[in-house]
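# An overview of the molecular structure
Chain by chain, the residues:
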Amino acid sequence: MRNIVLTVSYDGTRFCGWQKQDKAAAGKPVRTVQGELEQALHRIHHEPVAAIGSGRTDAGVHAAGQAVNFFSPIDSIPVQNYIPALNSTLPHDVRVISAAEADAGFHARFSATSRTYRYFLCGGRQAYAHEMPYVWQLRHLPDIANLNAMAACLHGELDCTTFSAAGDASVSKCRYIEKAVFYPERGNIVFEIAANAFLWKMVRSIVGSLVFFDRQKKDAAFFSEVLHARDRRLAGPTAPAHGLFLWKVEFNGERRH
């Protein structure tokens, strides 16, 4: 058995998230990225093969660099051949970007040391039609300097209860945030955040809160108070899913917890 690790990109628009679900909607199976990938693996191996993802992206969230591993009972397939083999049977909104062989103990979720998300905002102009499924269209141009002043509070080991969603089953709400920064790119504003892990809907809650507070002319001192209050009621509206991308997953950094 070989342990194969993939980098997978997907357009989350027509998916109910990464994780395979048992329930059905209106009598039809729920479409998930994990489900599509496991179907493609089954076609190649002629037996069920589990696909393990580094994180569970929500419905509508995209990925440029989701990490996935699976155990292949076939030794004869060169590892690079998994890329065209899987892409030939996967739907067009899921693409395998790279493939490599890993140690038997590698686990896409538990071996990950850092995950980076990017959130794309369009402010101060009208987004083009082809951008609309992938950016949050704002009616105003945010103050990037103020956004970054507030985002600077998001560093180190933090209790992120304020930005947790109702129903989050995490035992601990503490996460180690490595960086959180806004920057302009090709007419848009990008928010990039990296941490050891994230709570359910945490990135969208942070982005929505920062944009909301900036619109209200709040400053870093105010945002720090909201963060450390550990009270979900103080957060701003949650940003829409379609502007969010799981950008990359790293495995060689320092393991926090």
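Residues numbered from 1 in each chain as written. Predicted model: local features only at pLDDT ≥ 70, side-chain atom pairs only at ≥ 80, totals over all residues. Heavy atoms only, no water.

Along the backbone of the protein chain there are five helices and 12 strands. Taken over C-alpha atoms, the radius of gyration comes to 19 Å for the protein chain, in line with the 18 Å a tight globule of 257 residues would show. C-alpha atoms of the protein chain, sized along the principal axes, occupy 60 × 40 × 35 Å. Counting over 257 residues, the protein chain shows a buried share of 51%. The long-range fraction of contacts in the protein chain, counting pairs at least 24 apart against all pairs at least 6 apart in sequence, stands at 71%. (Helix = DSSP H or I, 4+ residues; strand = E, 2+ residues; numbered from the N terminus. Rg over C-alpha atoms; globule rule 2.2 N^0.38 Å. Buried < 20%, exposed > 50% of the residue type's maximum accessible area, 1.4 Å probe, protein only. Contact = heavy atoms within 4.5 Å.)

Approximately 1200 Å³ is the volume found for the largest pocket. Among the elements of the structure, strand E4 (52-53), strand E7 (114-122), strand E10 (174-185) and helix H4 (202-215) are those that each provide at least two residues to the lining of the largest pocket. It is H4 that provides the largest number of residues to the lining of the largest pocket, a total of three residues. Residue composition of the lining of the largest pocket, grouped by class: 19 nonpolar, 15 polar and 11 charged. (1 Å grid on protein atoms, 1.4 Å probe; cavity = no way out; pocket = protein on both sides within 12 Å on 5 of 7 lines; lining within 4 Å. Points joined across faces, edges and corners; volume = space filled by probe spheres on them. Nonpolar A, V, L, I, M, F, W, Y, C, P; charged D, E, K, R; others polar.)

With respect to the secondary-structure elements, Asp 214 resides in helix H4. Residues contacting Asp 214, with those up to four places away along its chain left out, are Pro 142, Asp 143, Asn 146, Leu 147 and Met 150.

Ranked by size, the top nonpolar core spans 65 residues in total, and within it Leu 6, Leu 86, Leu 121, Phe 191, Ile 193, Val 207 and Leu 210 carry the most contacts. Among the elements that line this core, the one with the most residues is H4, at seven residues. If we skip the residues at most four places from it in the chain, Leu 86 touches Leu 6, Ala 40, Leu 41, Ile 44 and Val 96. (Core = buried A, V, L, I, M, F, W, Y, C linked by side-chain atoms within 4.5 Å.)

Further remarks concern helix H3 (residues 144-151). Because each turn of an α-helix spans 3.6 residues, side chains separated by three or four positions in sequence point in the same direction. Residues Asn 146, Leu 147, Met 150 and Ala 151 constitute the buried set of H3. Viewed along the axis of H3, the buried residues span an arc of 135 degrees, placing them on a single side of the element. Elements that come into contact with the buried residues of H3 comprise E10, strand E11 (188-195), H4 and helix H5 (220-229). Near the N-terminus of H3, the side chain that reaches the backbone nitrogen of Ala 145, with its oxygen 3.1 Å away, is that of Asp 143. (Arc of directions from axis to C-beta. Polar contact = N/O pair within 3.5 Å; in protein donor to acceptor, adjacent residues only side chain to side chain.)

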